[in-house]
Structures are given as structure tokens and as C-alpha cells.
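Residue-level listing of the chains:
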Amino acid sequence: MDLATKEFYDDFWPRFVPIYDETKKYMLETLTERQIGRALDAGCGHGICSVILSEMAEQVVSVDVSSDSLATARQQAQRFGRDNIEFHHQDLQELDTGLGPFDLVWCWGVAMMAPDPMKVMRNLMAVTKPGGTVYLGLYLKTWLSPVHEGVRHFCRAYMDTPARRKLVGGFFTGLTKVACALKGQEINRRADNVSIQAQVEDWYYPPYKTFYSIEEIVALFERNGFKAECIQDRLGRMKSATIFVIRATKNG
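Now for a description of the structure that goes with this document. These numbers come from a predicted model, not from an experiment.

Some details on unusual backbone geometry
For step 1, the next point in the chain: Omega for the bond connecting G100 with P101 falls within 30 degrees of zero, at 5 degrees, which places this linkage in the cis form.
For step 2, the next point in the chain: With respect to the helices, strands and loops of the structure, P101 is situated in the loop between β3 (85-89) and β4 (102-108).

Digging into helix α9 (residues 214-223)
For step 1, the next point in the chain: By the burial criterion, the buried members of α9 are I214, I217, V218, L220 and F221. Projection of α9 onto a plane perpendicular to its axis shows the buried side chains occupying an angular sector of 155 degrees, all on one side. Exposed residues pointing more than 90 degrees away from the buried face of α9 are listed as E215 and R223.
For step 2, the next point in the chain: Of the surrounding secondary structure, the elements contacted by the buried residues of α9 are α5 (117-126), β5 (128-140), β6 (211-212), β7 (226-232) and β8 (243-250).
For step 3, the next point in the chain: Downstream of α9 by one or two residues, G225 has phi in the positive range, about 85 degrees.

Comments concerning the nonpolar core
For step 1, the next point in the chain: Core analysis: the biggest nonpolar cluster contains 77 residues, and L40, W106, L136, L138, I217, F221 and I246 have the highest contact counts within it.
For step 2, the next point in the chain: Once you skip the residues sitting within four places of it in the chain, F221 turns out to touch M125, V134, L136, F226, A228, I246 and A248.

Looking at helix α8 (residues 196-204)
For step 1, the next point in the chain: Among the nine residues of α8, nine are classified as buried, and the element is accordingly described as predominantly covered.
For step 2, the next point in the chain: Of all the residues in α8, the buried ones are I196, Q197, A198, Q199, V200, E201, D202, W203 and Y204.

Brief notes about the side chain of S145
For step 1, the next point in the chain: In this fold, S145 is placed in helix α6 (residues 145-158).
For step 2, the next point in the chain: Owing to a relative accessible area of 4%, S145 belongs among the buried residues under this scheme.
For step 3, the next point in the chain: Residues contacting S145, with those up to four places away along its chain left out, are L140 and F211.

Some thoughts on the packing of aromatic side chains
For step 1, the next point in the chain: Applying the stated criterion across every chain, the model contains 16 aromatic pairs.
For step 2, the next point in the chain: Centre to centre, the rings of Y9 and W13 are 6.2 Å apart; their planes meet at 20 degrees, and the pair counts as stacked. Note that Y9 and W13 are positioned in helix α1 (residues 3-15) at a spacing of four residues, about one turn of the helix. In this structure, Y9 and W13 share a single accessibility class: buried.
For step 3, the next point in the chain: Centroid distance Y26 to W108: 5.8 Å. Interplanar angle 80 degrees. Geometry classified as edge-to-face. Of this pair, Y26 sits in helix α2 (residues 20-30) while W108 is found in strand β4, placing the two residues 82 residues apart along the sequence.
For step 4, the next point in the chain: An aromatic cluster is built from F8, Y9, F12, W13 and F16, whose rings are joined through pairwise contacts.
For step 5, the next point in the chain: Over the ring of Y205 we find R165; its NZ or CZ atom is 4.5 Å from the centre of that ring.
For step 6, the next point in the chain: For the cation-ring pair, K209 lies above W203, with the distance from its terminal atom to the ring centre recorded as 3.6 Å.

Rules and cut-offs
- Residues numbered from 1 in each chain as written.
- Predicted model: local features only at pLDDT ≥ 70, side-chain atom pairs only at ≥ 80, totals over all residues.
- Heavy atoms only, no water.
- Helix = DSSP H or I, 4+ residues; strand = E, 2+ residues; numbered from the N terminus.
- Buried < 20%, exposed > 50% of the residue type's maximum accessible area, 1.4 Å probe, protein only.
- Arc of directions from axis to C-beta.
- Contact = heavy atoms within 4.5 Å.
- Core = buried A, V, L, I, M, F, W, Y, C linked by side-chain atoms within 4.5 Å.
- Phe/Tyr/Trp six-rings, centres within 6.5 Å; stacked < 30°, edge-to-face > 60°.
- Lys NZ or Arg CZ within 6 Å of the ring centre and 35° of its normal.

Printed below as a string of C-alpha cells:
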């Protein structure tokens, strides 16, 4: 089991649960399906996405490597009165394929945080039923990705205490305010997130992170019997620090 990622998200998601209404708005804009049989929330974290999926699906299976995140996700399921979600403490790199097959797999901003993202993606493809669909959000590779990685390694090595994380968050919040002021914009915080501090920690402190091009992920799915397309590009606050989303349907 990936203990480093488990430790990071044991701390992170219980503190930074996204906003339900904004998360639902985003998911409804992203998903074309409205009635789903079985859905997998692959790397459920805080559990809000699981709750929203459960409103459209007959059954949701939610998997995460972080036990504290799963506890938070269970709290969200109870809070919203959703009883058609089952939770499993598993590493997606070692996903029990017996949990499948699934009509829909949702893996948003998770696979690239594993030590072996390709293994995660192969497992997601394996549990998708013929005709089923995978929604996969990954970090986009840009010419500035090595710079972001250098900052992440520095933060983890020298600024990895609660006080120092707040200092880093304050620094990047200040930079964001200056950049937005120069553009004549209000401060640019993602609508579903609770704070820029959460975004900074999630960007610069995870133990692993891998960046991909859209073309290589589309090709990966197509080699494995899927029809794939990029449905959303550059969702982040900065063009160099952003997520793209692939929708891939398994050939019948």
C-alpha cells in the first residue's frame, strides 16, 4: 500500500472538504449520464463526489488509500442520507477487480498522485464494463511542469510543517492577488474549493505527482479498446498548473 500518499491525504481531506453545490454543478456539467447502474469513485477522498454519483447511480463503490479520508467520506454519506454507497480501503494500484464491472468510473485528480499512475489507469480500464465510461482527470504536462515540480520538492523538503505550509499558502495567495489585480480580476479561487490554502497544499505537498499530455492518454485508452476524447482542457487557475479530463468509453 502507498503509505506516503495515505499519510498525506489522512491529513488533507478531513480539513478541506469541497463545497457540495459547486462540486455538483461541475459534475453535472461534466457527466453526460444521468441514470447509472454501478459507479466507481476511484480515489473518493472527501466523499462529496461519491454522494453526487449516488444521486444518479443505483450503487456507488468508493475506494481510497486514506483511511481518514474514508471516515470523512462516510460522514458525508450520512450527512446527505445516502445509503447506496459502499466504501473500501484499497490502493488503486492494487484495486480488487472483483469489485467491478462498473457502468461508470470517476477518477478526478487521483491517478497521477500514485507512484505508478499507469497501473492505476490499467486497473480502471479493467473494471469498466463493455459500453461503460471512464472519466479521468490528470495534470497537464507543460513546459513549466519541471518548475512546479522543483517548487514541490523544495516545499516538501524545507517547508513541510503546519506553520510553514501556511506561510507558503500565504505567499502564493499574495501572488494570486497581485496577478488578478494586474488583470483587473477578482482573486481566482476554484469555486468548489474551500480556500486557496487547500489548493496550494494539494499542488505543492503530495508525495508523488506525474504530468501527461492529452495525446498520450487518449492513445493509451485507444490501445486498450476504448474510444477516448478530451472533454475539458485547462481547468486550473494557471495555464501551466491545470487539469484536463478524458472521457473514454469501452468498446462493446
